[in-house]
Amino acid sequence: MMKKAVDRFWGLLPFLIFLFCIVFVRLVETVTENTLRILPRNLLICFGMISIGILLLWINTRKTISVHRIFSFALKKVSLTLTGLFIMGFSHCPEHIVTKNGIKMVASVHSFLDEQVEYYEYKNWFFYGQQLGYEYYGSGGKDPLAQEPKPDPIRSTFYDSDGHVIESTGIH
């Protein structure tokens, strides 16, 4: 009975697993007030693109195959891949594990037009916790934490675990 269902709905299963993963991550984020880190998020995006591709293949194999269908399927796969790569490219933020004020943190670098680093409480490999600070470096497109020598931020603010400012420099 189960084998019959899997044989019949094989293309739908990866997409349903992907949806379950999305709901599970959202539930964990809501309950724990943590956020999914960049690498697991990008892996989830890749899995979602693959599962949608399998779903499209499954839908196309359930109908009669024609040249138009093959071209349509190929076009959908290319556009899906390019869209996923575009989203991943613009949403990618390098992360560094650092220690500031005696606290282990995840430093998330945003450097598309302005260089800014946001510091979050380190939880584990999958999630980070509340925001504990930020540094602003001005215009640019590089990772300030990867530069040697490391530039000084224009302004920075760090908080304790209760949200109180413990260190602030620069113009705010």
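Heads up: the structure comes first, above all this text.
Residues numbered from 1 in each chain as written. Predicted model: local features only at pLDDT ≥ 70, side-chain atom pairs only at ≥ 80, totals over all residues. Heavy atoms only, no water.

Draft legend 1. The side chain of Glu135, seen in detail. Position of Glu135 among the secondary structure elements: in strand 5 (residues 127-139). In terms of polar contacts, Glu135 uses its side chain to reach the side chain of Tyr137, at 2.5 Å. Non-local contacts of Glu135, meaning those with residues more than four positions away in its chain, are made with Lys100, Glu115, Gln116, Val117, Tyr119, Lys150, Pro153, Arg155, Ser156 and Phe158. (Helix = DSSP H or I, 4+ residues; strand = E, 2+ residues; numbered from the N terminus. Polar contact = N/O pair within 3.5 Å; in protein donor to acceptor, adjacent residues only side chain to side chain. Contact = heavy atoms within 4.5 Å.)

Draft legend 2. Structural view of unusual backbone geometry. Residue Pro149 is bonded to the preceding Glu148 through a cis peptide linkage, with omega at -5°. Relative to the helices and strands, Pro149 is located in the loop between strand 5 and strand 6 (155-159). For Glu33, which is not a glycine, the phi torsion comes out positive at approximately 60°. By the element assignment, Glu33 lies in the loop between helix 2 (13-32) and strand 1 (35-36). Taking the relative accessible area as the measure of exposure, Glu33 reaches 65% and is therefore exposed. (Buried < 20%, exposed > 50% of the residue type's maximum accessible area, 1.4 Å probe, protein only.)

Draft legend 3. Representation of the environment of Lys123. Structurally, the position occupied by Lys123 is in the loop between strand 4 (114-122) and strand 5. When the C-alpha positions of Lys123 and Arg37 are compared, they lie 10.0 Å apart, and in sequence the two are 86 residues distant. In this view, Lys123 contacts Asn34, Tyr128 and Gly129; residues no more than four positions away in its chain are not counted.

Draft legend 4. Region of interest: the pairing of strand 2 (residues 95-100). Across six bridges, the pairing between strand 2 and strand 3 (residues 103-110) is antiparallel. Residue pairing across strands places His96 opposite Ala107, the latter belonging to strand 3. (Pairing = 2+ DSSP bridges.)

Draft legend 5. Looking closely at the environment of Leu145. Position of Leu145 relative to the elements: it lies in the loop between strand 5 and strand 6. For the pair Leu145 and Ser108, spaced 37 residues apart in sequence, the C-alpha to C-alpha distance is 9.8 Å. Ignoring any residue separated from it by four or fewer positions in sequence, one finds Leu145 in contact with His96, Ala107, Val109, Val117, Tyr119, Tyr137 and Lys150.

Draft legend 6. Up close: the nonpolar core. Membership of the largest hydrophobic core is limited to nine residues, which are Met105, Ala107, Val109, Val117, Tyr119, Leu132, Tyr137, Leu145 and Phe158. When contributions to this core are tallied by element, the ones reaching two or more residues are strand 3, strand 4 and strand 5. Per element, the largest residue contribution to this core is three residues, and it comes from strand 3. With sequence-adjacent residues up to four places away left out, Val109 is seen in contact with Cys93, Pro94, His96, Gln116, Val117, Lys142, Asp143, Pro144 and Leu145. (Core = buried A, V, L, I, M, F, W, Y, C linked by side-chain atoms within 4.5 Å.)

Draft legend 7. Examining the pattern of salt bridges more closely. The final tally for this structure, using the stated rule, is five salt bridges. One salt bridge connects Glu29 with Arg26, and the closest N-O pair in it is separated by 2.7 Å. With a gap of three residues between them, Glu29 and Arg26 both fall in helix 2, about one helical turn apart. A salt bridge links Glu135 to Lys100, with the shortest nitrogen-to-oxygen separation between them at 3.5 Å. Within this pair, whereas Glu135 is found in strand 5, its partner Lys100 is found in strand 2, the two being separated by 35 residues in sequence. Connected through shared salt-bridge partners, Lys100, Glu135 and Lys150 make up one network. (Salt bridge = Lys/Arg side-chain N within 4 Å of Asp/Glu carboxyl O.)

Draft legend 8. Spatial organisation of a nonpolar patch on the surface. Together, Phe86, Ile87, Phe90, Phe112 and Leu113 give the surface a local cluster of nonpolar side chains, amounting to about 600 Å² of exposed area. Take Phe90: it is sitting in helix 4 (residues 67-91). (Patch = residues over 30% accessible without salt bridge, like charges linked within 9 Å, V, L, I, M, F, W, Y side chains within 5 Å. Areas by Shrake-Rupley, 256 points an atom, 1.4 Å probe, with all protein chains shown as cover.)

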